[in-house]
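# Coordinate analysis (summary)
The chain contents come next:
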Amino acid sequence: MNRQKQLRTENINSLLFRFSIPAIIGMLVNAFYNIVDRIFIGHIPNVGSMAITGVGLTLPIMTIILAFGMLIGIGSSALVSIKLGEQKKDEAENILGNAFVLLCIFTILVSIVGIIFLDPLLKSFGASEDTFIYAKEYVTIILIGAITNSLGFGLNSIIRAEGNPKVAMLTMLLGAVLNTILDPIFINIFNMGVKGAAYATIISQTANTIWVLYYFTGKNSSLKLKIKYFKLNKNIFIDIISIGMAPFFMELASSIVNIISNNSLKIYGGDLAIGAMAIINSISLVFFMPIFGINQGAQPIIGYNYGAKQYSRVKTAMKLSIKAACVICLLGFSFIEFFPETIIKIFSKDPQLIQIASEGIRIFLVMMPIIGFQMISSNYFQSVGKAKIATFTSLLRQVIILIPMLIILPKHFGLLGVWMSAPISDLSSAIITGVFLFKEMKCLDKKINLTFKETVA
């Protein structure tokens, strides 16, 4: 049974499980790039606390790099799923070729701009005299090798969209394992400090990219990377951007949020508070990455069946995705609320940093049980090509509600206000997104009934 036929006919439960589990593993593995770096950096003798704060300050830049990877990668993968559902393989390959070129162009531009304006950027992000050097050493290397990050991530999304989640998982596993091996070698044995962590990351991501390019030019892929499709097509460009805009703005907004929160943390809590947030972000990745994995697993199923007008399968996949995400978030919430210090100690032995991070994480992620619902719901609109709603619901948590909270609350509650901003945003955005999803499900029910009547007739 070919992959497209599986997407159309296989049981949704087993299909979602088969697509999501590799994606979840892959996303968790991808999170280890961030987590492993910070664990080793946080334990560098004498400078670990300041070093992890410095690396935490670079998150806005790294998020911007990822944002462009998601803009093209997720936008093109959603289109590829829909085109394959419509049995238009040539158009899907054209999208793949355009995606490759766009990833290269955007990432090179971001790297050049980032390197030119790096010093003022880091200072605006909240870098102090104690943390600036660590931030600059780390992110300069990341910017130089950024193209390998974008190509590996962006094209890997298309591997999953064409119906080969295992290869997508193995691709990410390759890079993460390599990074885990290289980190202690470069940081401890070669005594390279934060530079060693950056080199380990870039080398690992380069291995990812080489593997992905080999896949799309080899025998195992349904779609082929062809030079004739490298010529940019205006309509494809617009379609990719319109669909990918939701995750792009979400990541871009995340970068803005990091900048605002870092400056508030510096004012009300100092450098250690910024380090605490860096640790909190790393821990949250462990629990949010499985949700991203479910989204990536569900996206080709929802997109393909929506394009094929199999609306009942779309609705089933959506419900199962929400249930799975809620279970994961509840488990994450339990660990964070009951064992915060135990988790924080993995990253640092500094008693003051452990205290600040332990208090912050319990407040910052208190609404975790409902975050999964919001993230899955927003991904649904993206998967079916409803870019405007997807963009709006994605921005709710990261911009429309969160940024005003980060500006207003710290003025009244100090450091506590920074921690409080996230749960208020999570709750509000989940309620609003729920309203949109309820209306969408009603429309989907009408399409299901109409399709059933047409079939009977």
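Residues numbered from 1 in each chain as written. Predicted model: local features only at pLDDT ≥ 70, side-chain atom pairs only at ≥ 80, totals over all residues. Heavy atoms only, no water.

## Overview of the packing of helix H4 (residues 59-85) against helix H8 (residues 146-161)
Put simply, H4 and H8 touch, their axes get as near as 8 Å, and they point 20° apart. Compared by their axis directions, H4 and H8 come out roughly parallel. Like other packed secondary-structure pairs, H4 and H8 cross with a definite hand, here right-handed. Of the residues in H8, those touching H4 at Ile65, Leu66, Gly69, Met70, Gly73, Ile74, Ser76, Ser77, Val80, Ser81 and Leu84 are Ala146, Asn149, Ser150, Phe153, Gly154, Ser157, Ile158 and Ala161. The residue makeup of the contact of H4 with H8, split by class, is 10 nonpolar, nine polar and no charged. (Axes fitted to C-alpha atoms, helices over the stretch in contact; angles between N-to-C directions. Helix = DSSP H or I, 4+ residues; strand = E, 2+ residues; numbered from the N terminus. Parallel < 35°, antiparallel > 145°, perpendicular 65-115°, else oblique. Left-handed = near helix turned anticlockwise from the far one by under 90°. Contact = heavy atoms within 4.5 Å. Nonpolar A, V, L, I, M, F, W, Y, C, P; charged D, E, K, R; others polar.)

## Some remarks on the confidence of the model for the chain
On average, the chain scores 89 in pLDDT, and the residues at 70 or more come to 97%. Within the chain, no element has a lower average pLDDT than helix H1 (residues 3-9), which sits at 76, and none a higher one than helix H5 (residues 89-116), at 96. (pLDDT = per-residue confidence, 0-100.)

## Things to note about a nonpolar patch on the surface
Together, Ile108, Ile112, Val113, Ile116 and Phe117 give the surface a local cluster of nonpolar side chains, amounting to about 480 Å² of exposed area. Note on Ile108: relative accessible area 41%, which makes it partly exposed. (Patch = residues over 30% accessible without salt bridge, like charges linked within 9 Å, V, L, I, M, F, W, Y side chains within 5 Å. Areas by Shrake-Rupley, 256 points an atom, 1.4 Å probe, with all protein chains shown as cover. Salt bridge = Lys/Arg side-chain N within 4 Å of Asp/Glu carboxyl O. Buried < 20%, exposed > 50% of the residue type's maximum accessible area, 1.4 Å probe, protein only.)

## Digging into the packing of helix H16 (residues 368-383) against helix H17 (residues 387-400)
The geometry of H16 relative to H17 is characterised by a closest axis approach of 7 Å and an angle of 155° between their N-to-C directions. Taken as axis vectors, H16 and H17 run roughly antiparallel relative to one another. By crossing handedness, the relation of H16 to H17 is classed as left-handed. On H17, the residues that touch Ile371, Gln374, Met375, Ser378, Phe381 and Gln382 of H16 are Ile389, Ala390, Thr393, Ser394 and Arg397.

## With respect to the environment of Lys224
For Lys224, the location among the structural elements is in the loop between helix H10 (193-217) and helix H11 (234-268). The residues contacting Lys224, other than those within four sequence positions of it, are Glu93, Leu96, Phe216, Gly218 and Lys219. A polar side-chain atom of Lys224 sits 3.0 Å from the main-chain carbonyl oxygen of Ser221. (Polar contact = N/O pair within 3.5 Å; in protein donor to acceptor, adjacent residues only side chain to side chain.)

## A few points about the side chain of Asp426
Residue position: Asp426 is located in helix H19 (residues 415-456). What Asp426 contacts, discounting residues up to four positions off in sequence, is Phe364, Met367, Ile370, Ile371 and Arg397.

## So, H4
End to end, H4 covers 37 Å across 27 residues, agreeing with the expected 39 Å (1.5 Å per residue, within 8%). At Met70, H4 is deflected by roughly 25°, the largest bend along its length. Among the 27 residues in H4, 23 count as buried, and that is most of the element. At the C-terminal side of H4, Gln87 shows a positive phi close to 60°. (Expected span 1.5 Å × (residues − 1). Bend = angle between axes of the 7 residues up to and from the residue.)

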